[in-house]
Every structure is written in C-alpha cells, then in structure tokens.
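# Topology and contacts: notes
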Amino acid sequence: QVQLVESGGGLVQAGGSLRLSCAASGLTFSSYAAGWFRQGPGKERAPVAVIDWSGRRTIYADSVQGRFTISRDNAKNTVYLQMNNPEPEDTAVYYCAAALATMGNPLPRTGYDYWGQGTQVTVSA
C-alpha cells in the first residue's frame, strides 16, 4: 500500500521559514518524480514545485521562485519543501504527490499517481 505522509505544516509569520516533509512508503521512491501542490481558500489546487527522480532538476511556480526550495533524499524516501519568506498569500493546504518518472516528462505538472492527505500552512501578516 502506497502512502505519502506530509508533516511540518502550521502557523508561521510572514518573513519566517517553515520546512514541509513528505515521507513515502510502499513504492520505489527513486523511480518517481515528486511534487508539492497547494490549494488556497476558494482556489483550485495548483503545482508549487516539482523535482525529478534524481533530485538534479526542479521547477517552481513563479509565485514562489526564489523563496521556496524543493529537495529530496531518496535514501530516506522523503521530499522536502523549504519555505523561506512566506507571505500571507501562501496560506493553503499543501499536498505532496508522486508520479512515475519518464524520460520524456521528468518534471510533470499533472498526472500524478499518488497523493498525500495534505498539511495546512497558515502565514500570518
């Protein structure tokens, strides 16, 4: 049974920092691209950051570029999202997801196979 379990969410002040973690089990994690997505109040779920299976390639949403960093540790089956200088607009439920890696699409934005349950991040002004 595949499980993705997020942790690290909570309340943070604008300008602070927070690190989200996502622990994967039940799959060969190093064969999967991983992504962080978020869904804010009244908004659709959208990609925040994606990392390829190796950890060497990443992409970010324009709104978080330069502030957030996605990374992974395949030995620990874990993907991280370091959130620096968060803004109130970053308030959302954050989800991690895994997509089977393909050579033609190493950084997918859609078509994820597995999802976590989500963790709430609230940024106060």
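These lines cover the structure that appears in this document, whether it is placed above or below. (Residues numbered from 1 in each chain as written. Predicted model: local features only at pLDDT ≥ 70, side-chain atom pairs only at ≥ 80, totals over all residues. Heavy atoms only, no water.)

By secondary structure assignment, the location of Asp 62 is in the loop between strand S6 (58–60) and strand S7 (68–73). For the pair Asp 62 and Gly 104, spaced 42 residues apart in sequence, the C-alpha separation works out to 23 Å. (Helix = DSSP H or I, 4+ residues; strand = E, 2+ residues; numbered from the N terminus.)

Spatially, 4 strands are ordered S1-S3-S8-S7 in an open sheet, and the strand pairing comes out antiparallel. Taken across any chain shown, the strands that pair with only one partner, and hence form the sheet edges, are strand S1 (3–7) and S7. Neighbour-to-neighbour, the strand axes of this sheet turn through a mean angle of 15°, independent of strand direction. Across 5 bridges, S1 lies against strand S3 (residues 17–25) in antiparallel orientation. If you follow Gln 3 over to S3, its bridge partner there is Ser 25. (Pairing = 2+ DSSP bridges. Axes fitted to C-alpha atoms, helices over the stretch in contact; angles between N-to-C directions.)

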